[in-house]
Each structure stands twice: as C-alpha cells, then as structure tokens.
Amino acid sequence: MDSLTLICTAALLAAGGLYWFVCFFGSAEVKGKRAVQLTGGSIDKENVQDNYKQYWSFFRSPKEIETAEKVPVFVDTFYNLVTDIYEWGWGQSFHFSPSLPGKSNREATRIHEEMAVDLLGVKPGSRILDAGCGVGGPMRAIAAHSKANVVGITINEYQVKRARMHNKKAGLDSLCEVVCGNFLQMPFADNSFDGVYSIEATCHAPNLEEVYQEIYRVLKPGSLYISYEWVTTELYKAEDPEHVEIIHGIERGDALPGLRTYKDIAQVAKKVGFEVVKEKDLAKPPSHPWWTRLKMGRMAYWRNHILVTILAFLGIAPKGTVDVHEMLFVTADYLAQGGEKGIFSPMHMILCRKPAAE
Ligand SMILES: C=C(CC[C@@H](C)[C@H]1CC[C@H]2C3=CC[C@H]4[C@H](C)[C@@H](O)CC[C@]4(C)[C@H]3CC[C@]12C)C(C)C
Ligand SMILES: C[S@@+](CC[C@H](N)C(=O)[O-])C[C@H]1O[C@@H](n2cnc3c(N)ncnc32)[C@H](O)[C@@H]1O
C-alpha cells in the first residue's frame, strides 16, 4: 500500500468514526435542536459565562431566591442557559415520565401528558392553561389529543419564541397560544379557564401557596387543576447527610428555591380553597422507574460533553456552554440517585377542584 492510499484510508476511517460518534453513539432523542445551534437563549453569546456565574451566585445567598422579586430573574437566567441543551438532549417536553415497557421515551412522555388532560375532563373547544409551559411539548400533545385551546405561560422570553415556532411548525398555532409572564401574577381574568395543568413547573415558585392561589383565581368555579409536583418522599430523612446532599444537588442543578415535602402539596391546595379530588405519587410501583432514561443516556452525555467542548473551543457554541453542560451532567446523577433511593419524586400528582359557585 503506498502512502497516499494509507492516508486516504486513515482519513476515511476517521471521518466514518466521527460520524458514528456523533450520530449513533448513545441514545439520541428526537430534538428540535442540533449541537451546532446551541445558544444561551436570550443572553448574548459573550455574556453566557457571566450569567452562569450569576446563576451560581444565587445559591451563595439562598434567602434571596426565596424573595418573590428575585425568583423571575433566577429562573429566567437558568432557562436561558439550559433551554437549548434540554431540547437538544431530551426533546421538547421538559419533564420526566414513568418508563413504559415496549414504548419509546417519546411515547411514554406523550401518554404522561395526555393523562393530565384526560383527568381534567375538558371538552373540545374549551380554554385551558399550561402554567410553566417550557417550549410547549406538553401543550402541543395536549391540544392535539383534547382539541382544547391551550394557553401557555412561561417566564422565559426565549422559550416563548421557541414554543411559538414549534406550534406553527406543528400546525397547532390555532389551538396553542403562548404568553410571556410570571405565573405568580398572571395577565388573565378571574374565572377565565375551564381547566389548568402544570407539569414539573410550580417547583420553581418560592412559595407554593402564591402560585396555587393565582391558579385558583383564574380557574372557573367547578373546574379542575392538575399538577405534577417535584417533592421529597416519606423515605427522605433530613438527618441523613447522603439524602441531604442528593436533594441539595437536585435543587442547585434545577433552579429550585427549595424542594417541598409530599405532605405540603395537598395541605397548600386545601388552604387556598381547592377540594382535593385525587393525589398519587406516579413514580411509585407498579410504575416503572422514570430515572432509567437518565441513566441509559450516560454514554450520550459523555459524547455530548466532548461535542460541546469542541464547539465552544471553535467559538461555535458560547463559552459558558461547557460549564452549563457539566452542571446538567452532575444534576442527572443526583436526580437518578434521588429516584433510585426513592427519596425524591418529580411526579407527585394532585388533582383539585375549585368549588362550584353557590
Ligand atoms: C423539570 C425540570 C427539568 C427536568 C428534566 C427535563 C431535566 C433535568 C436534568 C436535565 C438533563 C440532564 C443531563 C443532560 C445531559 C448531560 C446532556 O448531554 C443532554 C441533556 C440532559 C439529558 C438534560 C435534559 C433535561 C433534564 C433531564 C426542572 C428544571 C424543574
Ligand atoms: C421544567 S420546565 C417544564 C416545562 C413544561 N411544563 C414541560 O413539561 O415541558 C418549567 C417551566 O416553568 C416555567 N416557570 C418557572 N417559574 C415560572 C414563573 N414564575 N412564571 C412562569 N413560568 C415559570 C419555566 O420558564 C419553564 O418553562
């Protein structure tokens, strides 16, 4: 073999290897984003690293996170930093769901979303609210399944842009509307929705009572609200340092002002005036573990980390992207540990009714 043939063969093998590495290694999810399109949301490329530092500074003075005025900035900064990585590495629905044997992650996600709207029992044409809608994965599944008009609200302007773009692309923009705003002070009239749902979103509120009160206000009397809440379970022991470390790890990597215990949820719902119709931790057996998807993705996360590092080095991805990705990498491990130990659930479901007017 002459040296030219050798070089060509080596180059071909290297290109083939790289293609395989990028496309097939690990479990790639169906995404709306590619690695080369990663941004810092609404943050200018050169400010991503500083915003990442700012995000961490909130944890140095946790009391500040608990004040309602600081929360929108804290949560908004977080979603500017993570939204593209979530879409790229997870898909358009930013939540977990129990694994369903024989079904793909995508199907399991859709079934978990449809269950929420089925429990609301809304009719086609009714108007429902998605409190904390992300880029609208659940909203589109729910609108397509129920034929209800869905209004989504998110604090993050960049997510509004992404959600509107996806709605249009899916041909669902006549059923789905997206508003930028704070779910603690919503720009909607009293008694104006036939149903409300929130999927893994109210955990960002510093005070659950405030967000439940606001949802109660906009819901029509006699209508239902369903939420999938992030909670610590009865197995969590505050005196066990390992448990505490896992829960703190989850809070830090997911922009949470402080995880609530499962006991708080119904108590707060009743306090604001709801009747609790049903409450169930959907993570508990016979459900199959929600965290296996996180663990199975580990090889892909390594591949992603190398990709992000190369893209940031080349100046294609913003500089801080590597730090953000690393933070998520670590968070995935804390989440999986929380699930495996049974001390944490991201799907403590509560279904509530606003009493009918007298
Ligand atoms: C409800 C919330 C978000 C829940 C999940 C959608 C996200 C929690 C942790 C995220 C991820 C962790 C690891 C990332 C991985 C390193 C990267 O290569 C690809 C994306 C991840 C898999 C990412 C995807 C989304 C999560 C699973 C919170 C914020 C209340
Ligand atoms: C983990 S994501 C879940 C998104 C969506 N429910 C889903 O499952 O894809 C949490 C969402 O809550 C939104 N959120 C958090 N705090 C908020 C607030 N105070 N007001 C409005 N939206 C908020 C975030 O912007 C984000 O869209």
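- An unreviewed UniProt entry lists the protein chain under the name Methyltransferase, from Solanum stoloniferum.
- UniProt lists a comment for the protein chain under the heading Catalytic activity (unreviewed entry), and it reads "24-methylidenelophenol + S-adenosyl-L-methionine = (Z)-24-ethylidenelophenol + S-adenosyl-L-homocysteine + H(+)".
- The heading Function (unreviewed entry) in the UniProt record of the protein chain holds the text "Catalyzes the methyl transfer from S-adenosyl-methionine to the methylene group of 24-methylene lophenol to form 24-ethylidene lophenol."

Observations regarding empty space enclosed by the protein
Part 1 of the reasoning: What the rule picks out here adds up to 3 cavities of 30 Å³ or more.
Part 2 of the reasoning: Volume-wise, the largest cavity comes out at about 850 Å³.
Part 3 of the reasoning: Residue lining of the largest cavity: 48 residues in total, with Phe78, Tyr79, Tyr86, Phe94 and Asp254 positioned closest to the centre.
Part 4 of the reasoning: Contributing elements (two or more residues each) for the lining of the largest cavity: helix 4 (71–89), strand 2 (149–154), helix 12 (298–313) and helix 13 (321–341).
Part 5 of the reasoning: If you tally residues by element for the lining of the largest cavity, the top one is helix 4, at 9 residues.
Part 6 of the reasoning: When grouped by side-chain class, the residues that make up the lining of the largest cavity number 29 nonpolar, 16 polar and 3 charged.

Digging into the pairing of strand 5 (residues 219–232)
Part 1 of the reasoning: Counting buried positions along strand 5 yields 11 of 14 residues, so the element is predominantly enclosed.
Part 2 of the reasoning: Both strand 4 (residues 193–199) and strand 5 contribute to a ladder of 6 bridges, which runs parallel. Across the sheet, Gly195 pairs through a bridge with Leu224, a residue of strand 5.
Part 3 of the reasoning: The parallel pair strand 4 and strand 5, bridged by helix 8 (residues 208–218), forms a crossover whose chirality is right-handed.
Part 4 of the reasoning: Where strand 5 lies against strand 8 (residues 344–353), 8 bridges are found, and the strand directions are antiparallel. If you follow Tyr228 over to strand 8, its bridge partner there is Met349.
Part 5 of the reasoning: Relative to strand 6 (residues 260–261), strand 5 is paired through 2 bridges, and the arrangement is parallel.

Topic: the nonpolar core
Part 1 of the reasoning: Formed by 47 residues in total, the largest nonpolar core has its most connected members in Tyr197, Trp230, Ile250, Trp290 and Phe344.
Part 2 of the reasoning: Among the elements that line this core, the one with the most residues is helix 13, at 5 residues.
Part 3 of the reasoning: Aside from chain neighbours lying at most four places away, what touches Tyr197 is Leu120, Ile128, Leu129, Asp130, Ala131, Pro138, Met139, Ile142, Val150, Tyr225 and Ile226.
Part 4 of the reasoning: Leu38, Val308, Val322 and Val324 belong to the second largest nonpolar core, which has 30 residues in total.

Notes on the site of ligand 2
Part 1 of the reasoning: Close contacts around ligand 2 come from 19 residues, with Phe94, Gly132, Thr154, Gln159 and Phe183 the closest.
Part 2 of the reasoning: One nitrogen or oxygen atom from the main chain of Gly132 is found 2.8 Å from a nitrogen atom belonging to ligand 2.
Part 3 of the reasoning: Contact distances for ligand 2 include 2.9 Å between a nitrogen atom and a side-chain N or O atom of Asn182.
Part 4 of the reasoning: Surface burial for ligand 2 is 97%, taken as the share of its 590 Å² of free accessible area covered by protein chains.
Part 5 of the reasoning: Taken atom by atom, the bulk of ligand 2 overlaps the largest cavity.

Rules used in this analysis
- Residues numbered from 1 in each chain as written.
- Chains lettered and ligands numbered in written order.
- Predicted model: local features only at pLDDT ≥ 70, side-chain atom pairs only at ≥ 80, totals over all residues.
- Heavy atoms only, no water.
- UniProt positions renumbered as here; feature names shortened; annotations may be inferred.
- 1 Å grid on protein atoms, 1.4 Å probe; cavity = no way out; pocket = protein on both sides within 12 Å on 5 of 7 lines; lining within 4 Å.
- Points joined across faces, edges and corners; volume = space filled by probe spheres on them.
- Helix = DSSP H or I, 4+ residues; strand = E, 2+ residues; numbered from the N terminus.
- Nonpolar A, V, L, I, M, F, W, Y, C, P; charged D, E, K, R; others polar.
- Buried < 20%, exposed > 50% of the residue type's maximum accessible area, 1.4 Å probe, protein only.
- Pairing = 2+ DSSP bridges.
- Right-handed = clockwise from strand over helix to strand, strands pointing away.
- Core = buried A, V, L, I, M, F, W, Y, C linked by side-chain atoms within 4.5 Å.
- Contact = heavy atoms within 4.5 Å.
- Near = heavy atom within 4 Å.
- Polar contact = N/O pair within 3.5 Å; in protein donor to acceptor, adjacent residues only side chain to side chain.
- Areas by Shrake-Rupley, 256 points an atom, 1.4 Å probe, with all protein chains shown as cover.
- Sits in = over half its atoms within 2 Å of the grid points.

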